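# Structural features, examined
Below, each chain spelled out in residue letters.
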Amino acid sequence: MAVKQTAGRDSLGKFAPKFAELNDDVLFGEVWSREDKLSLRDRSLVTVTALMAQGLTDSSFKYHLMSAKKNGITKTEIAEILTHAAFYAGWPKAWAAFRMATEVWADDAEDLSEKEKYQQSILFPIGAPNDAFAKYFIGQSYLAPLSTSQVGIYNVTFEPKCRNNWHIHNAENGGGQILVCVGGRGYYQEWGKEAVELNPGDVINIPTGIKHWHGAAPDSWFSHLAVEVPGTNTSNEWLEPVSDEDYSKLK
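Bear in mind that the values here come from a model prediction, so they are computed numbers and not experimental data.

### A short note on helix α6 (residues 91-104)
For α6, built from 14 residues, the straight-helix expectation of 20 Å at 1.5 Å per residue is met to within 8% by its first-to-last C-alpha distance of 20 Å. Those residues of α6 that are buried lie in contact with α3 (40-53), α4 (59-70) and α5 (75-89).

Below, the structure written as C-alpha cells:
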C-alpha cells in the first residue's frame, strides 16, 4: 500500500503550494496508489530507470532506491536493472547509479563473496580471469581492458597473495610501463632493492630493462592500472617466480 506523501508540503508548502499539492496528492496520492494497474515494485523499477536515464542521481534518486528496496527489489535485481539500463542510458550514468545503490543495499553485503565486496570498493571493473598470462602468476589474477587503442590501459587485479613472476620490459626505443594503483594494497619490487608497498593513488614508473615484479599483499586484494608506454619492438621477458621465502617476508 502506498504511503501518504508529505515531502512536497514539508519542503515547498509555503513557497510553491500548488507544486507541493501535485507532488503529494496527485503523483504519490493518485498515480502511485493505483496498485491494481501497476504494482509498487514495478513503479519503483520504472522510476529508478527513468531517473538514472536523466543522470539525476541526487537525494531524490536515493529516496526512490530506498523505496525500490522496500517495495521488494533485491540487490541482485537492482544490479541487473542498472546493468541493463546502462546500455540505453549511458555507462557513466550507470556508474553513478551503482555507487548510490551499493549504499542502499549495503546491509545485503553479507551474502557477497570477497571478490564481489572488493569490486564494490573500486571504480574500475575487475574483469575476467587472466588466463592468457596465468602461467606467469602465482595465484589468481584478473584483467579488464580499458583502452586498447592509442595507449594500452588495463586494470589488473590480484587476489590476496597473488603476484606475477619477475619480468623485464624490453624495447629498442621508448617502452616500459606505468602502474597506477586504484584499490587494495600491494607491492612492487625491483631486483636488488627492497619491496615498496603500494596503495590507491600511488604511481610506479617502470623503465625498460629493469627486472621487477608486482602483486597483492598477503592479506589484501590489489588492483592497478597497467599503462603500456609506446615504443619500438616492445616485448615482455618473463623470468622465474617470486619465491615463497622472499614473499613471506612481506606483511
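Continuing now.
### A few points about a nonpolar patch on the surface
Where nonpolar side chains cluster on the molecular surface, the patch consists of Phe 87, Tyr 88 and Trp 91 and spans about 470 Å² of accessible area. On the secondary structure map, Trp 91 appears in helix α6. The class of Trp 91 is partly exposed, set by a relative accessible area of 47%.

### Here's the deal with the pattern of salt bridges
Tallied over the full model, the rule gives eleven salt bridges. With its nearest N and O atoms 3.5 Å apart, the salt bridge here joins Asp 42 to Arg 41. Since its relative accessible area comes to 27%, Arg 41 is described here as partly exposed. A salt bridge links Lys 117 to Glu 114; its shortest N-O distance comes to 3.8 Å. Here Lys 117 pairs with Glu 114, and both are found in helix α7 (residues 114-121), just three residues apart, close to one helical turn. Judged by relative accessible area, Lys 117 falls into the partly exposed class, the value being 35%. Classification of Glu 114 as exposed rests on a relative accessible area of 52%. Via salt bridges that share partners, Arg 41, Asp 42 and Glu 77 belong to a single interconnected network.

### Considerations on the pairing of strand β13 (residues 222-228)
In terms of burial, β13 is largely enclosed, as six of its seven residues are buried. Judged from the six bridges that link them, strand β4 (residues 153-158) and β13 form a sheet pairing that is antiparallel. Its bridge partner lying in β13, Tyr 154 is registered against Ala 226. Two strands pair when backbone bridges link them, and strand β8 (residues 177-184) and β13 are joined in this way by seven bridges, in the antiparallel orientation. Paired with Gln 177 across the strands is Glu 228, a residue of β13.

### With respect to the packing of aromatic side chains
Here the structure, examined in full by the defined rule, presents eleven aromatic pairs. Measuring from centroid to centroid gives 5.3 Å for Phe 87 and Trp 91, while their planes differ by 75°, and the two rings are edge-to-face. According to the relative accessible area criterion, Phe 87 is exposed, its value standing at 64%. Between the aromatic rings of Tyr 136 and Trp 238, the centroid separation amounts to 4.6 Å while the plane-to-plane angle is 5°, which identifies the pairing as stacked. Here Trp 238 lies in strand β15 (residues 235-238) and Tyr 136 lies in the loop between β1 (128-129) and β2 (137-138), a separation of 102 residues in the sequence.

### Re the packing of α3 against α4
Packing of α3 against α4 leaves a shortest axis separation of 9 Å and a crossing angle of 155°. In terms of orientation, α3 lies roughly antiparallel with respect to α4. Crossing hand, α3 versus α4: left-handed. Of the residues in α4, those in contact with Ser 44, Thr 47, Val 48, Leu 51 and Met 52 of α3 are Ser 60, Phe 61, His 64, Leu 65, Ser 67 and Ala 68. Within the contact of α3 with α4, the residues separate by chemical class into six nonpolar, five polar and no charged.

Analysis parameters
For every chain, the first residue of the written sequence is number 1, and numbering continues from 1 onward in sequence order. Where local features are concerned, this predicted model is filtered to residues with pLDDT of at least 70; where side-chain atom pairs are given and counted, the filter is 80 or more; whole-chain, interface and lining totals use all residues. Side-chain numbers here rest on the full set of heavy atoms in the structure, without hydrogens or water. Secondary structure is summarised from DSSP: a helix means a run of H or I of at least four residues, a strand means a run of E of at least two, and numbering begins at the N terminus for each. Expected helix span is computed as 1.5 Å times (number of residues minus one). A contact between two residues is defined here by any heavy atoms of the two lying within 4.5 Å. Residues form patches when they are more than 30% accessible in relative terms and have no salt bridge. Like charges link within 9 Å. Nonpolar side chains (Val, Leu, Ile, Met, Phe, Trp, Tyr) link within 5 Å. Accessible surface area values rest on a Shrake-Rupley calculation with a 1.4 Å probe, where residue burial reflects the displayed protein chains alone. Note on definitions: salt bridges are taken to be side-chain nitrogens of Lys or Arg within 4 Å of carboxyl oxygens of Asp or Glu. With a 1.4 Å probe rolled over the protein chains alone, any residue whose accessible area is under 20% of its type maximum counts as buried; one over 50% counts as exposed, and the rest are partly exposed. By this definition, two strands are paired if DSSP reports at least two bridges between them. For Phe, Tyr and Trp, rings pair up if their centres lie within 6.5 Å, where Trp contributes its six-membered ring, and each pair is then called stacked (planes under 30 degrees apart), edge-to-face (over 60) or tilted (otherwise). Axis definition: a line fitted to C-alpha atoms, over the contacting stretch in the case of helices. Angles run 0 to 180 degrees between N-to-C directions. Roughly parallel covers angles under 35 degrees, roughly antiparallel covers those over 145, roughly perpendicular covers 65 to 115, and oblique covers all other angles. Whether a crossing is left-handed or right-handed is set by the direction in which the near helix is turned from the far one by less than a right angle, anticlockwise for left-handed and clockwise for right-handed. Residues are grouped as follows: Ala, Val, Leu, Ile, Met, Phe, Trp, Tyr, Cys and Pro are nonpolar; Asp, Glu, Lys and Arg are charged; all remaining types, including Gly, are polar.

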